[in-house]
Amino acid sequence: MYFEQKLTVGNYGLLTSKTSANIPLSDKIAVKAAYLSTKLDGVIENTGLGEDYGKRSAQGYRIDLRADLSDRATFDYSYESANTDYTNLSYQPFRPQTISGGLDADSVLNDSIQREASKSMIYSEKRLSSMFSAVPILESSNGVTGHKLDFRYSLDNIDFQYLLGVRDLENNTYADVSTGSLSSDFRVDTNAYTSKDGTIQTPAVIPSLVQDQVSHEFKFNGTALDESIEYIVGFYTFREDAINDQPYHLEFTGLVNNQAIPVAGGNLKTGIVQIGEQQFGIENRATALYARLSYKVSMLDRELLFTVGGRHSEDERKAEKYTSTQVYTESWTEDAAGNVLAAPITPIESYGYTAIGNRSFSDDSFDYIVEYQLNDELNVYIKSAEAYKSGGYNTRDPDPDFFTDGFNEEKALSYELGLKGEFLDSSLRVNTDVFRTMFTDLQINFQIDGAIDNTRVLNVGEAEINGFEIDITYALSREFLAVLNYSYLDAEMTSVIDPDSGENVADKFVFSSAPKNSFTATLDWTISKGPLATVEATLSYNFMDSRNGGPLTEKIKNVELEAFGLLNGRLGVSDVPAFGGTASIAFWAKNILDEEYVINAFDHLPQAQRAGIWGDPRTYGIDMIIRF
């Protein structure tokens with residue numbers, strides 16, 4: 001039997017407990033059980049209503065069963081369950097939205113909303129340690145359960161494997177993208193709402209997503225011709241069903257006019273209120289038949305390996321969408337103390353639709369690899385591979401025609417030349433490759449102008465990524481180990497044809513989420529190792545270059561994610577005899593230099609031309625572990 005108890009305590013109220021045990025039930029049957037409990041206070045203080053931003057608590061457990069049914073057959077089963085309650089991080093407004101100055105009705109209305117919304121905001125390009133919420137922040141939750149079964153049976157030169165995966169998800173996510181506003185007159189959330197005259201009321205709604213997935217996979221792998229041929233043949237099926245329910249709720253309310261009353265005091269206010277409900281349903285089905293064959297020959301007393309693989313995919317995508325929206329104008333008078341004196345609310349627009357889309361996709365993709373073992377320490381290879389991403393439907397598209405039509409599949413073709421080797425008496429290990437990936441019918445998700453969460457997915461054209469990767473592990477001595485992982489990406493859109501003009505407008509588009517340079521450098525130092533304890537230290541630095549947060553060149557300044565580097569460290573004492581086993585203690589810190597970095601940026605909020613979610617500030621703590 002093996003038992004381990006780990007306890008972690010850190011700043012921001014971090015407290016984590018993880019218990020695991022391996023229990024042999026007989027010579028052929030064993031069980032492993034693990035339980036995790038963790039909690040964390042918010043990393044950003046909420047000086048208004050509701051919990052702090054980033055607060056979370058979670059509990060989960062997993063049970064694994066291994067049974068050796070015979071000398072040829074094994075059976076593995078695992079069950080896991082996890083539940084998390086959390087308060088979302090929120091977009092911090094960096095700078096106000098630009099006023100268009102247009103004279104058409106939509107521009108005048110949008111400018112008025114943006115102008116009034118900005119008056120209640122606090123803007124900063126630095127990470128704020130606290131933000132105000134004029135409306136209570138509601139707690140979100142996420143629950144996942146899963147089953148996995150793995151059965152294997154072996155003959156002399158062939159192995160059979162069956163894999164079953166079952167996963168159920170229930171997610172309830174509350175979002176408020178108007179946090180930071182000092183007034184509840186401007187809201188972009190789904191909390192409870194009552195009009196000033198009391199005639200319209202909506203409950204607090206936390207949108208729910210219920211999803212279940214089931215997959216089956218059958219695999220045969222074996223050898224032939226004195227093991228000069230290796231092969232794998234498999235069949236895979238996948239089913240996914242999900243419903244996203246957003247009952248009758250507030251979507252948006254904001255002022256378009258706020259005039260002071262000179263003589264009597266108080267204000268005369270006019271606002272826009274948008275209320276709606278949505279329900280989305282998806283059914284995804286996928287099947288695939290794949291095979292791979294490798295043929296090994298000898299050339300110059302070294303091993304030359306040829307590999308060819310193929311995959312036939314069939315995908316069916318079905319989506320249903322119901323949406324209904326009502327827009328009102330609300331006017332009211334407040335006295336000097338803020339009391340509402342009169343407040344009529346009037347409907348001005350109502351729209352909605354029900355739409356269904358159902359499409360099928362298929363693809364045949366192949367890959368080819370040639371590997372050559374130059375010597376016992378050095379291997380080189382060249383590879384060509386095709387990839388396929390199924391088309392589908394975007395439930396955030398507001399246009400019923402675009403939604404029903406959906407978007408098409410995306411294809412990629414990549415070439416790779418690589419080297420894997422060990423040098424300097426195996427003290428230095430190097431894995432490196434150069435590659436080129438070309439995309440056709442690239443799927444791009446566009447934010448729709450004038451909307452907060454509406455997007456449209458289009459197959460815009462062609463793109464390519466040229467890159468270089470290298471992983472280096474170097475044992476400087478018995479005590480020092482250095483590791484470097486570096487990658488370089490040169491990504492660009494090569495062809496985007498304007499459907500109206502027929503011109504190539506690729507210069508108006510950029511590739512998203514592709515940093516030019518990124519690396520991780522790590523140094524492990526065994527300070528001392530003796531019969532009573534081992535003392536070790538680890539220091540790492542992770543760097544990521546700036547990257548585009550969206551697909552349009554003109555919006556880079558609003559959604560770009562700037563370069564950042566994080567320094568992390570750990571100092572621990574392990575293998576200390578205790579309680580008939582061993583004990584360990586380690587002090588750790590993440591983001592030691594308290595780097596401020598944005599992990600997501602948005603430019604379509606009424607109150608902000610640029611808003612962002614910050615990465616975690618400096619965190620630190622202690623790990624304590626007992627094993628026996």
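Now for a look at the structure at hand. (Residues numbered from 1 in each chain as written. Predicted model: local features only at pLDDT ≥ 70, side-chain atom pairs only at ≥ 80, totals over all residues. Heavy atoms only, no water.)

Moving on: empty space enclosed by the protein. Taken as a whole, this structure holds 2 cavities of 30 Å³ or more when the rule is applied. In this structure, the largest cavity encloses a volume near 50 Å³. Contributing to the lining of the largest cavity are Ser-133, Ala-134, Val-135, Asp-176, Ser-178, Thr-179, Ser-181, Ser-183, Phe-186, Arg-187 and Asp-189. Of the residues that constitute the lining of the largest cavity, the class distribution is 3 nonpolar, 5 polar and 3 charged. (1 Å grid on protein atoms, 1.4 Å probe; cavity = no way out; pocket = protein on both sides within 12 Å on 5 of 7 lines; lining within 4 Å. Points joined across faces, edges and corners; volume = space filled by probe spheres on them. Nonpolar A, V, L, I, M, F, W, Y, C, P; charged D, E, K, R; others polar.)

Looking now at the environment of Thr-87. As for its position among the elements, Thr-87 is in the loop between strand 6 (73–86) and strand 7 (92–95). Distance from Thr-87 to Leu-605, taken between C-alpha atoms, is 20 Å for residues 518 residues apart in sequence. Excluding anything up to four places from it in sequence, Thr-87 contacts Glu-51, Asp-52, Tyr-53, Gly-54, Lys-55 and Ile-137. (Helix = DSSP H or I, 4+ residues; strand = E, 2+ residues; numbered from the N terminus. Contact = heavy atoms within 4.5 Å.)

Turning to the side chain of Ser-133, a few remarks are in order. Tracing the chain through its elements places Ser-133 in the loop between strand 8 (130–131) and strand 9 (140–154). Not counting residues up to four positions away in its chain, the partners in contact with Ser-133 are Asn-46, Gly-48, Leu-49, Tyr-53, Asp-176 and Thr-179.

In the structure shown here, the tally under the stated rule is 15 aromatic pairs. A ring pair is formed by Phe-3 and Phe-628, whose centres lie 5.2 Å apart and whose planes are at 35°; its orientation type is tilted. Pair noted here: Phe-3 is in strand 1 (residues 2–10) and Phe-628 is in the segment after strand 32 (619–627), with a separation of 625 residues, a long-range link. The ring centre of Phe-402 lies 3.9 Å from the NZ or CZ of Arg-456, which sits over that ring. Taking NZ or CZ as reference, Lys-590 lies 5.6 Å from the ring centre of Trp-588, over its face. (Phe/Tyr/Trp six-rings, centres within 6.5 Å; stacked < 30°, edge-to-face > 60°. Lys NZ or Arg CZ within 6 Å of the ring centre and 35° of its normal.)

For the rest of this paragraph, the subject is the layout of surface pockets. Here the idea is plain: a probe the size of a water molecule rolls over the atoms and shows the empty space left. Counted as a void, the second largest pocket has a volume near 570 Å³. If you go around the second largest pocket, you meet 27 residues; those closest to its centre are Leu-40, Arg-56, Lys-590, Asp-616 and Thr-619. The set of elements that each furnish at least two residues to the lining of the second largest pocket consists of strand 1, strand 3 (29–40), strand 28 (564–578), strand 29 (581–590) and strand 32. Its residues assigned to classes, the lining of the second largest pocket shows 10 nonpolar, 10 polar and 7 charged.

With that out of the way, let us pick up the nonpolar core. In terms of nonpolar packing, the biggest core is built from 17 residues, with Phe-439, Leu-442, Met-493, Val-496 and Phe-511 touching the most fellow members. For this core, the secondary structure elements donating two or more residues are strand 21 (428–440), strand 22 (443–447), strand 24 (461–475) and strand 25 (480–496). If one sorts the elements of this core by residue count, strand 25 sits on top with 3 residues. Ignoring sequence-local partners within four residues, the contact set of Leu-442 consists of Glu-410, Leu-458, Asn-459, Val-460, Gly-461, Ala-463, Met-493 and Phe-511. Tyr-91, Phe-602, Leu-605 and Ala-608 belong to the second largest nonpolar core, which has 12 residues in total. (Core = buried A, V, L, I, M, F, W, Y, C linked by side-chain atoms within 4.5 Å. Buried < 20%, exposed > 50% of the residue type's maximum accessible area, 1.4 Å probe, protein only.)

Our next topic: the sheet that holds strand 31 (residues 610–614). Read across the sheet, 3 strands follow the order 7-31-30 without closing on themselves; strand pairing throughout is antiparallel. The sheet is open, and its two borders are formed by strand 7 and strand 30 (598–602), each paired with just one other strand. Geometrically, the sheet is characterised by an average inter-axis angle of 35° between neighbouring strands, direction not taken into account. Judged from the 4 bridges that link them, strand 30 and strand 31 form a sheet pairing that is antiparallel. Looking at strand 31, one finds that Asn-600 is bridged to Ile-613. (Pairing = 2+ DSSP bridges. Axes fitted to C-alpha atoms, helices over the stretch in contact; angles between N-to-C directions.)

Attention now moves to the pattern of salt bridges. If you walk through the whole model with that rule in mind, you get 30 salt bridges. The salt bridge involving Asp-241 is made with Arg-239; its shortest N-O contact spans 2.4 Å. Classification of Asp-241 by relative accessible area gives buried; the value is 17%. Classification of Arg-239 as partly exposed rests on a relative accessible area of 29%. For Asp-397, the salt bridge goes to Arg-456, with nearest N and O atoms at 2.8 Å. Placement of the pair is Asp-397 in the loop between strand 19 (378–389) and helix 2 (400–405) and Arg-456 in strand 23 (residues 455–459), with a sequence separation of 59 residues. The pair formed by Asp-397 and Arg-456 is uniform in burial state, with each residue classed as buried. Several salt bridges share partner residues, and in doing so they unite Arg-62, Asp-64, Glu-80 and Arg-167 into one network. (Salt bridge = Lys/Arg side-chain N within 4 Å of Asp/Glu carboxyl O.)

Further remarks concern the side chain of His-604. Along the chain, His-604 falls in the loop between strand 30 and strand 31. A distance of 3.3 Å separates a polar atom in the side chain of His-604 from a polar atom in the side chain of Asp-449. The residues contacting His-604, other than those within four sequence positions of it, are Gln-447, Ile-448, Asp-449, Gly-450, Ala-451, Ile-452 and Lys-555. (Polar contact = N/O pair within 3.5 Å; in protein donor to acceptor, adjacent residues only side chain to side chain.)

Inspection of the secondary structure puts Ile-613 in strand 31. For the pair Ile-613 and Ser-184, spaced 429 residues apart in sequence, the C-alpha to C-alpha distance is 22 Å. Non-local contacts of Ile-613, meaning those with residues more than four positions away in its chain, are made with Leu-89, Ser-90, Tyr-91, Tyr-597, Val-598, Ile-599 and Asn-600.

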